[in-house]
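Coordinate analysis (summary)
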Amino acid sequence: MKKAEESLQREFGQVRAGRANASLLDRISVMYYGAPTPLNQMASITIPEARVLMVTPFDKSIIGDVEKAILASDLGISPANDGNVIRLVIPQLTEDRRKELAKEVKKMAENAKIVVRNERRDAMDNIKKQKSNNEITEDDQRDLEKEIQVITDNSIKNIDDLTAIKEKELLEV
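A brief report on the enclosed structure follows. Quantities reported herein were computed from a predicted structural model and do not represent experimental measurements. (Residues numbered from 1 in each chain as written. Predicted model: local features only at pLDDT ≥ 70, side-chain atom pairs only at ≥ 80, totals over all residues. Heavy atoms only, no water.)

Description of the overall build of the protein chain
The condition is simple: Note on conventions: DSSP H or I runs of at least 4 residues are helices, E runs of at least 2 residues are strands, and numbering of each starts at the N terminus. Accessible area is worked out with a 1.4 Å probe on protein chains only. A residue is then buried under 20% of its type maximum, exposed over 50%, and partly exposed in between. In this description, contact between two residues means that some pair of their heavy atoms is separated by no more than 4.5 Å. Values of accessible area rely on a 1.4 Å probe in the Shrake-Rupley scheme; residue burial ignores everything except the protein chains shown. In this tally, Asp and Glu contribute negative charge and Lys and Arg positive charge; neither His nor the terminal groups of the chain are included. Taken as the charge location is NZ of Lys, CZ of Arg, CG of Asp or CD of Glu.
Counting secondary structure elements, the protein chain contains five helices and six strands. From first element to last, N terminus to C terminus, the protein chain shows the α and β order α-β-β-α-β-β-α-β-β-α-α. Considered along the principal axes of its C-alpha atoms, the protein chain spans approximately 70 × 40 × 20 Å. Here the protein chain holds 173 residues, and 36% of them are scored as buried. Taking the intrachain contacts of the protein chain between residues at least 6 apart in sequence as the baseline, contacts between residues at least 24 apart amount to 61%. Here the protein chain has roughly 10500 Å² of accessible surface; of this, 50% comes from carbon and sulfur atoms. Of the side-chain charges in the protein chain, 28 are positive and 31 negative, and the distance between the mean point of each set is 4 Å.

Quick notes on the sheet that holds strand β6 (residues 86-89)
Using the following cut-off: We treat two strands as partners when DSSP finds at least two bridges between them. Whenever a helix is involved, its axis is fitted only over the stretch in contact; in every case the axis is a line through C-alpha atoms, and angles between N-to-C directions fall within 0 to 180 degrees.
A sheet is described by the order of its strands in space; here four strands give the open sequence β3-β4-β6-β5, paired in antiparallel fashion. Here the strands that pair on one side only, and so sit at the sheet edges, are β3 (43-49) and β5 (79-81). Neighbour to neighbour, the strand axes of the sheet diverge by 25° on average, direction disregarded. Judged from the three bridges that link them, β5 and β6 form a sheet pairing that is antiparallel. Each bridged residue has a counterpart across the sheet, and for alanine 80 the counterpart in β6 is arginine 87.

What about the packing of helix α1 (residues 2-13) against helix α4 (residues 95-132)?
Just so we agree on the cut-off: Oblique is the label for any angle not under 35 degrees, not over 145, and not in the 65 to 115 range, which are roughly parallel, roughly antiparallel and roughly perpendicular in turn. Note on convention: the crossing is left-handed when the near helix lies turned anticlockwise from the far helix by less than a right angle, right-handed when the turn is clockwise. Nonpolar residues are Ala, Val, Leu, Ile, Met, Phe, Trp, Tyr, Cys and Pro. Charged residues are Asp, Glu, Lys and Arg, and all others, Gly as well, are polar.
Between α1 and α4, the least distance of the axes is 9 Å, while the angle of their chain directions is 165°. Between α1 and α4, the interaxial angle falls into the category roughly antiparallel. As for the relative orientation of α1 and α4, their crossing is right-handed in sense. Between α1 and α4, the contacting residues are Ala4, Leu8, Glu11 and Phe12 on the first element and Val105, Met108, Ala109, Ala112, Val115 and Val116 on the second. Looking at the contact of α1 with α4 residue by residue, the class counts come to nine nonpolar, no polar and one charged.

Concerning the environment of glutamate 138
Mapped onto the elements, glutamate 138 comes out in helix α5 (residues 138-171). A relative accessible area of 49% means that glutamate 138 is categorised as partly exposed. Separated by ten residues in sequence, glutamate 138 and lysine 128 have C-alpha atoms that sit 9.6 Å apart.

A closer look at the pairing of strand β1 (residues 29-32)
Pairing geometry for β1 and strand β2 (residues 35-38), over four bridges, is antiparallel. Its bridge partner being in β2, serine 29 is matched across the sheet by proline 38. Counted along the chain from β1 to the antiparallel partner β2, the turn is two residues long, and its residue tyrosine 33 has a positive phi close to 55°.

Some words on the nonpolar core
Just so we agree on the cut-off: In these notes, a set of buried Ala, Val, Leu, Ile, Met, Phe, Trp, Tyr and Cys residues joined through side-chain atoms within 4.5 Å is what counts as a nonpolar core.
Judged by nonpolar contacts, the single largest core of 20 residues is most densely connected at Leu25, Leu39, Val55 and Val66. It is helix α3 (residues 63-72) that provides the largest number of residues to this core, a total of four residues. Setting aside residues up to four positions removed in sequence, leucine 39 forms contacts with Leu25, Ile28, Ser29, Val30, Val55, Val66 and Ile70. Of all hydrophobic cores here, the second largest spans 15 residues; its members include Leu8, Ala109, Val116 and Leu162.

Take a look at the structure:
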């Protein structure tokens, strides 16, 4: 259940909210000596201003390849190359786009909740199997089921909290 929450948080980090976030570039790979290499392993990514990402490759000779990889990605941001660094200016989001992204965030949250519920179901099935094999008593079964339910409720509450924070960030102008 914790892994579902952590995964959701990573997914939320990749949703563009009109401000610069280094995790936007996590999925971008650059061909470096014939092998796809994650951008964050071959360049430093800094945020000099609220809506600007600055990518500084460790090897200046690959700046063109980095620029091509960013253009080929699904970010929809045009890089500005000055020979030493690449600047990415994140455009302001429109009202409609903000609402679309908020819906997308809700879908991601619902998928995370489904994962949590599936984990609860598997744990409950496991407890019932242990009870039928006389490995645990009825009291133990009841206590474990209550404990699993409390953990599930807490996990779903955390997911709801993360979702509310991300929606507020998206809808904020």
